[in-house]
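Fold and contact review
The lines below spell out each chain.
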Amino acid sequence: QVQLVESGGGLVQPGGSLRLSCAASGSFGRGNDMGWYRQAPGKERELVAVVTRGGGTHYADSVKGRFTISRDNAKNTVYLQMNSLKPEDTAVYYCNTRPPLIAYWGQGTQVTVSS
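Sequence order as written defines the numbering, with residues in each chain counted from 1. Reporting of local features is limited, given that this is a predicted model, to residues whose pLDDT is at least 70; pairs of side-chain atoms are given and counted only at 80 or more, and all residues count toward the totals for whole chains, interfaces and linings. Each side-chain value is derived from all of the structure's non-hydrogen atoms; neither hydrogens nor water enter the calculation.

This paragraph deals with unusual backbone geometry. In this structure, the amide linkage connecting R98 to the following residue, P99, adopts the cis form with an omega of 0 degrees. Secondary structure elements are defined from DSSP: runs of H or I of at least 4 residues count as helices, runs of E of at least 2 residues count as strands, and each element is numbered from the N terminus. Tracing the backbone shows P99 in the loop between β9 (91–97) and β10 (109–113).

Right, let's get into the pairing of β10. Burial along β10 is one-sided: the face carrying T109, V111 and V113 is buried and the face carrying Q110 and T112 is not. One bridge is not enough; two strands pair if DSSP finds at least two bridges between them. Alignment of strand β2 (residues 10–12) against β10, held across 3 bridges, turns out to be parallel. Looking at the pairing, V12 lines up with V113 of β10. Strand direction decides the pairing type here: β9 and β10, joined by 3 bridges, are antiparallel. By the bridge assignment for β10, A91 is matched with V111. Relative accessibility decides the category of a residue: with a 1.4 Å probe and only protein chains considered, values under 20% of the type maximum give buried, values over 50% give exposed, and everything between is partly exposed.

Attention shifts here to the packing of aromatic side chains. Ring geometry is summarised as follows: Phe, Tyr and Trp rings, the Trp one being its six-membered ring, pair when their centres sit within 6.5 Å, and such pairs are stacked at plane angles under 30 degrees, edge-to-face over 60 and tilted between the two. Enumeration according to the criterion identifies 2 aromatic pairs in this entry. Between Y37 and W105 the ring centres are 5.1 Å apart and the planes differ by 80 degrees, which places this aromatic pair in the edge-to-face class. Of this pair, Y37 sits in strand β4 (residues 34–39) while W105 sits in the loop between β9 and β10, and the two are 68 residues apart along the sequence. Between the aromatic rings of Y94 and W105, the centroid separation amounts to 5.8 Å while the plane-to-plane angle is 80 degrees, which identifies the pairing as edge-to-face. Taken together, the residues Y94 in strand β9 and W105 in the loop between β9 and β10 connect sequence positions 11 residues apart. On the basis of relative accessibility, which here comes to 11%, the residue Y94 falls in the buried class. Linked through ring pairs, Y37, Y94 and W105 together constitute an aromatic cluster. The rule is short: NZ of Lys or CZ of Arg within 6 Å of the ring centre and within 35 degrees of the ring normal puts a charge over the ring. R45 extends its terminal NZ or CZ atom over the ring of W105, reaching a point 4.0 Å from the ring centre.

On to the pairing of strand β3 (residues 18–24), then. Counting buried positions along β3 gives 5 out of 7 residues, so the element sits mostly inside the fold. Relative to β3, strand β1 (residues 4–7) is paired through 4 bridges, and the arrangement is antiparallel. Its bridge partner lying in β3, V5 is registered against A23. Pairing geometry for β3 and strand β8 (residues 77–82), over 6 bridges, is antiparallel. Residue pairing in the sheet places R19 in a bridge with Q81 of β8.

This is the structure in structure tokens:
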């Protein structure tokens with residue numbers, strides 16, 4: 001059974017940085033475009049960043065220039081480096097395929113940006 005496990009979240013001050021990781025079980029993910037999504041309280045889940053099978057990247061305008069998505073196929077892991085964090089980045093962050101598959105949503109990792 002495929003499993004995606006997110007980690008690396010926490011509490012950080014505005015302007016700080018965090019690096020999120022998404023570990024995929026088995027060989028899942030190597031042939032898929034992968035995305036990081038986030039859901040803030042009272043809001044819809046939104047796509048934040050995508051890394052394609054070939055390594056191409058795409059970002060939401062709200063994070064462009066601050067976040068960097070990457071993947072290590074040898075480790076079956078996708079990363080999200082988040083710099084210059086803002087309070088509005090506070091959310092639960094999830095990884096999934098792009099487009100997402102319902103069965104693959106994990107628990108996510110909480111990111112809180114606050115002074």
